[in-house]
Amino acid sequence: MSPAARRLLLAGATRRRCLSTDAAASSASASSQLPRGKRWDAVVIGGGHNGLVAAAYLARAGRSVAVLERRGVLGGAAVSESDLVPGFRFSRCSYLLSLLRPAILRDLELERHGLKLLPRSPSSFTPCLDGRYLLLGPDAELNYSEISKFSKKDANAYPRYEEQLEKFCKLMDFVIDSAPPELRQDFHASMVDRMKDRVDKSAFWGNLLRHVMQQGQKNMVEFFDLLLSPASKILNCWFESEVLKATLATDAVIGTMAGVNTPGSGYVLLHHVMGETGGQRGVWAYVQGGMGSVSSAISKAALEAGVQIVTNAEVSQVMVNETTGKVEGVALADGTEVHSPVVLSNATPYKTFVDLVPVNVLPEDFLSAIKTADYSSATTKINVAVDRLPQFHCCKDMSPEGGPEHMGTIHIGSESMEEIDVAYREAAGGVSSKRPVIEMTIPSVLDKTISPPGQHVINLFVQYTPYKLSEDSWQDSNVRKSFAERCFSLIDEYAPGFSSSVVGYDMLTPPDLEREFGLTGGNIFHGAMGLDSLFLMRPANGWSDYRTPVKGLYLCGSGAHPGGGVMGAPGRNAASVVLEDLKAK
C-alpha cells in the first residue's frame, strides 16, 4: 500500500470514529479530532438532522464546515439507540418520517446513502372499548368502508376533507421551502446589495400572491379559518362521528401543550398532514433501522461533501468580537476554540441566545422575546420492548406476524374529542393526565432489524404530561413508574395482557427531553407552534430569516421557520441564506 493510500485509509478511519448514530463515539477529546489552527468557513452547533442538512449544503457549495455534537450519538432527536434494552433498537425521540423535504432526499441522494423508508398501510387504527374500531389509510375504498361503520355522511365527506387539506399543503410547500422575507436595513451592505435584497423580497411576496390567487377566494377564506380556528371547530364542521373526529384531532395537538379547543390548533393539524412518502401526500413511514438511519444517511452525504463531524464536542460559548460584534467561532467545554466567521446553531433559540451567546451582546428586546417565548411541553415518550404483539379485543383472528391493526399509528384513549380535552385540562393544571392520550406504533412489524424474532419494539407518544408537576416530581422514581404503569394499564383495556408482555422500557418526560437532548422545556418543536410563533414571528419578530442580531450567527434548527418535525427545511433554508451572505462579501 502506498503512503498516499495509507493516509487516505487512516483519514477515513478517523472520520468514522468521529461519527456515530447508534453508539457512543470515540472518547478522544474534541481538540484531537479537529485540525489544529484551522479556520473554518462555517461551524455548526449540534449534529441533529437540521444541522447536518445545513452542513451538507454548505460543503457541497465548496465551503469548509465542521459540525460539533455534544452527545456521543449523532442525530439529535432523530436518533436510534441500542443499549437501553438488550437486543432492541429504539427510535428514542422522533419515530415516524413524512415531513422530510423531497428536495433534500434528491439533492443529498439519501437512498444511496442507506435511507430506506417503510410506508404504512393502513396508517391509522383506533380501537373502541365497545368492540368497534376504525382503520384509515391511503386506500380510499378502505376509508369509505371503515368510516361508514360510524357514519355514511362522514364517509362521503372524508374525500372532500382530504382534497381540501391537500390544496392547502400545496400552498404551504412554497412557504416551507423559502426563507421568510425579512427586510432589515443593513447599513454595512452596498446600495446594489440592498436594492437586490428588496427585489428578492418583492419576488417572494409576488410568488406567494400567485399561489394564493390559484387557490381562489373561497379556498383562501377556508384556509385562514383553518389557521385561526380550534381543531374542534374545523372537525365539527366536517364530521359527526366522535371516533373519526378524535382520530384526526390527535394530529392537531400532538407534541403541543394545547387542546382541541385551543385557537390555532387547526394549523398543527395541517402541519402533520403536509408531508409525503414516495410522492404520496400525508403518508407516514417507518425508517429501517430506526430514525437514526435518517441522520446517518444525511451525515454520510455531509461527509462525502467534505464536512468534518465531531461528537462528544460540547459548545460552551459562541465567541463574539467585542469591538466589531461579529462572530469569531465557538469555544468548547474542554477549552478548545474553533474559529470561523460563520456559526449556525441547531440548538433551541433559548439555548443559543441565553446560554451560548455572551451577555450584553444581544438587544434587550430581542433577548426578552426569546426568554418569554413558549417552550412548554406536554409530551412523554416511552420506548417499550415486548415479548409478543398486543392483541386488541376488537380484532379477532390475529396473525402472529401482525395484522392491519398493527401497521400504523394506534390511537389509545382517543374515542372522543372530549376525552382529549379532559386530558389536556388536567395537564394545564399541573397534573399528568389520568387517562393519557397515547399514539402507539409498532415499527418492528415492518422493520425486522430492530428486535429479536417474535419480539417487538413499541413507541408510545404520550400526552399530557406537564414539565413541572403541581404536587409530585418527575425525579421521583415512584412517580415515573406509576405513570408508565398507568399508560400500560390503559392499553390493557384495549389489548388485554399488554402489561405482562413488557420486558423493559425507557421513559423520557419533558425534563428528560430537555436534559438529554437540549430541548428547552422538553418541547420537541424547539418552541410552540402557535400562530404567534410561526413564519415572520419565528423565533422573534424581525428575525425570521435565520440571521440573528449577532453578525455571522445563524439559527438553523426547528426554532426557526418553518418549525418542528423531521423535515430538514430550516437547515436547508439557513444554508441558502448563509451562502447568499458569503457571496455578497
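Look above for the structure.
What you see is a predicted model; the values in this text were computed from it and never measured.

Q: Can you explain unusual backbone geometry? Please cite residues and give values.
A: In this structure, Pro122 follows Ser121 across a cis peptide bond, with omega equal to 0 degrees. Mapped onto the elements of the fold, Pro122 is located in the loop between strand 5 (117–119) and strand 6 (124–127). Cis peptide bonds are those with omega within 30 degrees of zero, and the linkage from Arg538 to Pro539 qualifies with 5 degrees. Within the secondary structure, Pro539 sits in the loop between helix 19 (510–517) and strand 21 (553–555). Residues other than glycine seldom take positive phi values, yet Glu109 does so here, at roughly 50 degrees. Overall, Glu109 belongs to the partly exposed group, its relative accessible area being 38%.

Q: Just give me the short version of the pattern of salt bridges, but keep the residues and values in it.
A: Overall, the coordinates contain 27 salt bridges when judged by the stated rule. A salt bridge links Arg388 to Asp387; the shortest N-O distance between them is 2.9 Å. If you follow the salt bridges from partner to partner, you end up with Arg71, Glu81, Arg92, Asp506 and Glu516 in one network.

Q: Describe the environment of Ile147, with residues and values.
A: Tracing the backbone shows Ile147 in helix 5 (residues 140–148). Each residue touching Ile147, except ones within four places of it in the same chain, is listed here: Leu134, Leu136, Asp154, Ala155, Tyr158 and Leu244.

Q: An account of the sheet that holds strand 19 (residues 456–463) is requested, with residue identities and associated values reported.
A: One open sheet accounts for seven strands, arranged 7-6-17-18-19-16-20; its pairing is mixed. Each of the sheet's edge strands pairs with one partner strand only, and the pair in question is strand 7 (133–136) and strand 20 (502–508). Each strand of the sheet is rotated relative to its neighbour by a mean of 20 degrees, with strand direction disregarded. Two elements, strand 18 (residues 437–441) and strand 19, share five bridges in a ladder whose sense is antiparallel. In the sheet register, Met440 faces strand 19, and the bridge partner there is Leu460. Where helix 19 meets the sheet, its contacts fall on strand 16 (380–386) and strand 20, and the angle it forms with strand 20 comes to roughly 75 degrees.

Q: So what's going on with the pairing of strand 20? Which residues, and what values?
A: In terms of residue burial, strand 20 counts as a mostly covered element, since five of its seven residues are buried. Bridge analysis of strand 16 against strand 20 gives six bridges, and the strand direction is antiparallel. Within the sheet, the bridge partner assigned to Asn383 lies in strand 20 and is Asp506.

Q: Please give an account of the nonpolar core that cites residues and values.
A: A general tendency of soluble globular proteins is for nonpolar side chains to be buried together. If you look at the biggest cluster of nonpolar residues, it comprises 69 residues, and the most contacted ones within it are Leu68, Val294, Val330 and Leu344. At eight residues, the largest contribution of residues to this core is made by helix 3 (residues 49–60). For Val294, the contacting residues outside a window of four places in its chain are Leu97, Leu100, Leu115, Val287 and Val566. By size, the runner-up hydrophobic cluster in this structure holds 63 residues, among which are Leu134, Leu248, Tyr286 and Met567.

Q: Residues and numbers for the packing of aromatic side chains, please.
A: Under the criterion given, the structure shown has 17 aromatic pairs. Between Phe125 and Tyr133, the ring centres sit 5.8 Å apart and the planes meet at 55 degrees, which makes this aromatic pair tilted. Using a relative accessible area of 24% as the deciding quantity, one classes Tyr133 as partly exposed. When the ring of Phe488 is compared with that of Phe498, the centres are 5.8 Å apart and the planes differ by 65 degrees; the resulting orientation is edge-to-face. Residue Phe488 is located in helix 17 (residues 477–494), and its partner Phe498 is located in helix 18 (residues 498–501); the two are separated by ten residues in the primary sequence. Given a relative accessible area of 1%, Phe498 falls into the buried group. Taken together through their ring pairs, the aromatic side chains of Tyr158, Tyr161, Trp238 and Phe239 make up a single cluster. Its guanidinium or amino end placed over the ring of Tyr286, Arg120 lies 5.4 Å from that ring's centre, counting from NZ or CZ.

Q: Go over the side chain of Ser293, please, and point to the residues and values.
A: Mapped onto the elements, Ser293 comes out in helix 12 (residues 292–305). Not counting the four nearest positions on each side in its chain, Ser293 is found in contact with Ser80, Leu115, Val287 and Gln288.

Q: Go over the sheet that holds strand 11 (residues 308–310), please, and point to the residues and values.
A: The five strands lie next to each other as 11-2-1-15-21, forming an open sheet whose pairing is parallel. Two strands close off the open sheet at either side, each with one partner strand: strand 11 and strand 21. Strand after strand, the sheet turns through a mean of 20 degrees between neighbouring axes, direction not considered. Here strand 1 (residues 42–45) runs beside strand 15 (residues 343–345); their pairing, made up of three bridges, is parallel. Paired with Val43 across the bridge in strand 15 is Val343. Its contacts with the sheet put helix 3 on strand 1, strand 2 (65–68), strand 11 and strand 15, and the angle it makes with strand 2 is roughly 170 degrees.

Q: Any chance you could break down helix 9 (residues 231–238) for me, citing the residues and the numbers?
A: For helix 9, the full list of buried residues reads Ala231, Ser232, Ile234, Leu235 and Trp238. Considered in projection along helix 9, the buried side chains sweep an arc of 165 degrees and stay on one side of the axis.

Calculation notes
Residues numbered from 1 in each chain as written. Predicted model: local features only at pLDDT ≥ 70, side-chain atom pairs only at ≥ 80, totals over all residues. Heavy atoms only, no water. Helix = DSSP H or I, 4+ residues; strand = E, 2+ residues; numbered from the N terminus. Buried < 20%, exposed > 50% of the residue type's maximum accessible area, 1.4 Å probe, protein only. Salt bridge = Lys/Arg side-chain N within 4 Å of Asp/Glu carboxyl O. Contact = heavy atoms within 4.5 Å. Pairing = 2+ DSSP bridges. Axes fitted to C-alpha atoms, helices over the stretch in contact; angles between N-to-C directions. Core = buried A, V, L, I, M, F, W, Y, C linked by side-chain atoms within 4.5 Å. Phe/Tyr/Trp six-rings, centres within 6.5 Å; stacked < 30°, edge-to-face > 60°. Lys NZ or Arg CZ within 6 Å of the ring centre and 35° of its normal. Arc of directions from axis to C-beta.

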